Amino acid sequence: MPKKTPQNAYAEQITSMIDGFVQMWIKFEAMLHKELAKTTRLDSPVTVDNHGDSHYSLFYRMSSVIYPKQQLTMGELSAALSVPFSKATRMMNWLVDSGYGRRLSDPDDRRIVRVALTEKGQHLHQAISTYMRERVQELLSTSLTVEERIILFTLINKVAATLKDVAR
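Just so it is clear, the model here is predicted, and its values are computed rather than measured.

For the rest of this paragraph, the subject is unusual backbone geometry. Peptide bonds are, in most cases, trans, and in most cases residues other than glycine have a negative phi. With a phi close to 75°, Gln70 is a non-glycine residue in the positive phi region. Structurally, Gln70 can be placed in the loop between helix H2 (56-66) and strand E1 (71-73). Phi at Ser82 is positive, roughly 55°, even though this residue is not glycine. Following the sequence through the fold, Ser82 ends up in the loop between helix H3 (74-81) and helix H4 (85-97).

One finds Ile66, Leu77, Met92 and Leu95 to be the most contacted residues of the largest nonpolar core, which totals 23 residues. Every element with two or more residues in this core is listed here: H2, H3, H4, strand E3 (113-117) and helix H5 (119-143). The leading source of residues in this core is H2, at six residues.

Reading across from one edge, E1-E3-E2 is the order of the three strands in this open sheet, with antiparallel pairing throughout. Bordering the open sheet on either side are E1 and strand E2 (101-105), each of which pairs with just one other strand. Neighbour-to-neighbour, the strand axes of the sheet open up by a mean angle of 30°, direction not taken into account. Running at roughly 110° to E3, H2 makes contact with E1 and E3 of the sheet. Seen against the sheet, H4 touches E2 and E3 and runs at an angle of roughly 115° to E2.

Next up on the list: the packing of H2 against H3. If you want to describe how two helices pack, look at the angle between their axes and the distance between the axes. At a minimum axis separation of 10 Å, H2 and H3 run at an interaxial angle of 120°. With respect to each other, H2 and H3 are oriented oblique. In terms of crossing hand, the pair formed by H2 and H3 is right-handed. Between H2, through Arg61, Met62, Val65 and Ile66, and H3, the contact on the second element is made entirely by Leu77, Ala80 and Leu81. Classifying every residue of the contact of H2 with H3 gives six nonpolar, no polar and one charged.

This part takes up the packing of aromatic side chains. Within this structure, the stated rule accounts for one aromatic pair. Here the basic side chain of Lys120 rests over the ring of Tyr100, its NZ or CZ set 4.8 Å away from the ring centre.

The N-to-C vectors of H2 and H4 enclose an angle of 100°; their axes lie 11 Å apart at closest approach. One way to sum up the angle between H2 and H4 is to call them roughly perpendicular. Two secondary-structure elements touch here, H2 through Leu58, Phe59, Arg61, Met62 and Ile66 and H4 through Met91, Met92, Trp94 and Leu95. For the contact of H2 with H4, the residue count by class is eight nonpolar, no polar and one charged.

The rules we used
- Residues numbered from 1 in each chain as written.
- Predicted model: local features only at pLDDT ≥ 70, side-chain atom pairs only at ≥ 80, totals over all residues.
- Heavy atoms only, no water.
- Helix = DSSP H or I, 4+ residues; strand = E, 2+ residues; numbered from the N terminus.
- Core = buried A, V, L, I, M, F, W, Y, C linked by side-chain atoms within 4.5 Å.
- Buried < 20%, exposed > 50% of the residue type's maximum accessible area, 1.4 Å probe, protein only.
- Pairing = 2+ DSSP bridges.
- Axes fitted to C-alpha atoms, helices over the stretch in contact; angles between N-to-C directions.
- Contact = heavy atoms within 4.5 Å.
- Parallel < 35°, antiparallel > 145°, perpendicular 65-115°, else oblique.
- Left-handed = near helix turned anticlockwise from the far one by under 90°.
- Nonpolar A, V, L, I, M, F, W, Y, C, P; charged D, E, K, R; others polar.
- Phe/Tyr/Trp six-rings, centres within 6.5 Å; stacked < 30°, edge-to-face > 60°.
- Lys NZ or Arg CZ within 6 Å of the ring centre and 35° of its normal.

Laid out in structure tokens, this is it:
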């Protein structure tokens with residue numbers, strides 16, 4: 001067994017925090033399907049694969065990149081998702097086949113393919129974002145004081161800014 005050092009304790013805290021976030025996402029995703037069915041009128045919900053896993057995380061990962069920009073090129077999508085172009089293409093195929101995304105031709109250059117969310121995809125993205133925001137607000141308001149939330153947001157924004165710098 002490794003000797004307990006401050007670095008080991010720090011690493012254990014980080015691992016525990018990451019595990020907590022992963023477990024929170026798993027619980028959110030498990031509840032998401034039921035909650036969205038209650039609160040939204042989706043023609044066809046996000047599918048569940050053979051292993052019982054829903055594709056909400058894949059959808060939300062992609063839609064979080066596409067939604068704010070309205071449309072972007074496949075190259076921009078690939079870079080933003082940090083995946084090879086071929087994987088971004090397969091991911092986009094799934095989005096299009098599911099009715100949540102569409103491909104657009106570029107009027108200035110036929111070699112460029114742009115991607116966007118369909119109205120159905122935009123609606124689902126907004127529903128997931130609203131659900132996540134409400135659950136996190138509920139969680140934070142019941143477990144942290146106003147002062148603790150201010151400190152938490154300050155620290156998270158500091159870490160997020162550092163991550164943006166590292167990603168460049």
